[in-house]
Amino acid sequence: MDGCARLKRTARSIAAIFFLMCAGFALSGCGASDHRYAKVVVGTWGSREVAPDDVIVETQFTLLPGGRVNWQGQVRLLVPPTFYLLPNRPNFEVKNGRLIYYFTASGNWAVREGYLHTRIESSTLPSLMPVGFAAAWKLKEVTSKEMIYVSAANGRTRVEYRKE
């Protein structure tokens, strides 16, 4: 597989993981008020996904009081030993046989009617995390360590873990 095809496949994996990552913002509990969950979700959450093609996506997001959110993460994919990364490529590096792309984004969030709503205002990955992208994630439950939600990307129940 040539480098372009691999990067396109990685881009698709990033997009899928990004949608799942955004879903990580989702929290709700039976009968819980939006106000309560808006307080409980504040903090830093993270996840690690390994795709069938061994692409690894690690994400972390911080929901700040007042409705700001910051995302950061990295996508790591296997590359052949002969892979060469052109110099002056910000946000990229090759390490331990993997091409690593570091990304960040920021925006706003709010809990309304049992959904966590997010909107991207800036992004280092505009092709997959475009400015203006908005999503709403069905909140299910939150504990001191886990956030459980229904993914807007695929309808599956997902879990994010609080970072300490």
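The following refers to the structure shown. This structure is a prediction, so every number in the text was calculated from the model and none was measured.

### Describing the pattern of salt bridges
- This structure, assessed with the given rule, holds six salt bridges.
- We note a salt bridge from Arg 158 to Glu 49, for which the minimum N-O separation is 2.6 Å. Of this pair, Arg 158 sits in strand E9 (residues 157–162) while Glu 49 sits in strand E1 (residues 43–50), placing them 109 residues apart in sequence.
- Judged by its relative accessible area of 13%, Arg 158 falls in the buried class.
- If you follow the salt bridges from partner to partner, you end up with Arg 48, Glu 58 and Arg 76 in one network.

### Let's talk about the nonpolar core
- In terms of nonpolar packing, the biggest core is built from 30 residues, with Leu 63, Trp 71, Trp 109 and Met 129 touching the most fellow members.
- Counting only elements with at least two residues in this core, the list comes to strand E2 (56–63), strand E3 (68–78), strand E5 (98–112), strand E6 (115–123), strand E7 (134–142) and strand E8 (146–150).
- Per-element tally for this core: the top contributor is E5, with six residues.
- In contact with Trp 109, not counting residues within four places along its chain, are Ala 38, Val 41, Val 42, Leu 63, Leu 64, Gly 67, Arg 68, Val 69, Leu 116, His 117 and Thr 118.

### Observations concerning the side chain of Ser 47
- Take Ser 47: it is sitting in strand E1.
- In this structure the side chain of Ser 47 is engaged in a polar contact, spanning 3.3 Å, whose partner is the side chain of Glu 160.
- For Ser 47, the contacting residues outside a window of four places in its chain are Val 57, Glu 58, Thr 59, Arg 158 and Glu 160.

### Looking at the packing of aromatic side chains
- The tally for this structure, following the rule as stated, stands at one aromatic pair.
- A cation over an aromatic ring shows up here: Arg 36 above the ring of Tyr 37, its NZ or CZ 4.9 Å from the ring centre.
- The ring of Tyr 115 has Lys 138 sitting right over it, with the charged end atom 5.2 Å from the ring centre.

### Some points on the pairing of E8
- Note that E7 and E8 share four bridges and pair antiparallel. Paired with Leu 139 across the two strands is Tyr 149, which belongs to E8.
- Linking E7 to E8, which pair antiparallel, is a turn of three residues.
- Bridge analysis of E8 against E9 gives five bridges, and the strand direction is antiparallel.

Reading the values: the criteria
- Residues numbered from 1 in each chain as written.
- Predicted model: local features only at pLDDT ≥ 70, side-chain atom pairs only at ≥ 80, totals over all residues.
- Heavy atoms only, no water.
- Salt bridge = Lys/Arg side-chain N within 4 Å of Asp/Glu carboxyl O.
- Helix = DSSP H or I, 4+ residues; strand = E, 2+ residues; numbered from the N terminus.
- Buried < 20%, exposed > 50% of the residue type's maximum accessible area, 1.4 Å probe, protein only.
- Core = buried A, V, L, I, M, F, W, Y, C linked by side-chain atoms within 4.5 Å.
- Contact = heavy atoms within 4.5 Å.
- Polar contact = N/O pair within 3.5 Å; in protein donor to acceptor, adjacent residues only side chain to side chain.
- Phe/Tyr/Trp six-rings, centres within 6.5 Å; stacked < 30°, edge-to-face > 60°.
- Lys NZ or Arg CZ within 6 Å of the ring centre and 35° of its normal.
- Pairing = 2+ DSSP bridges.

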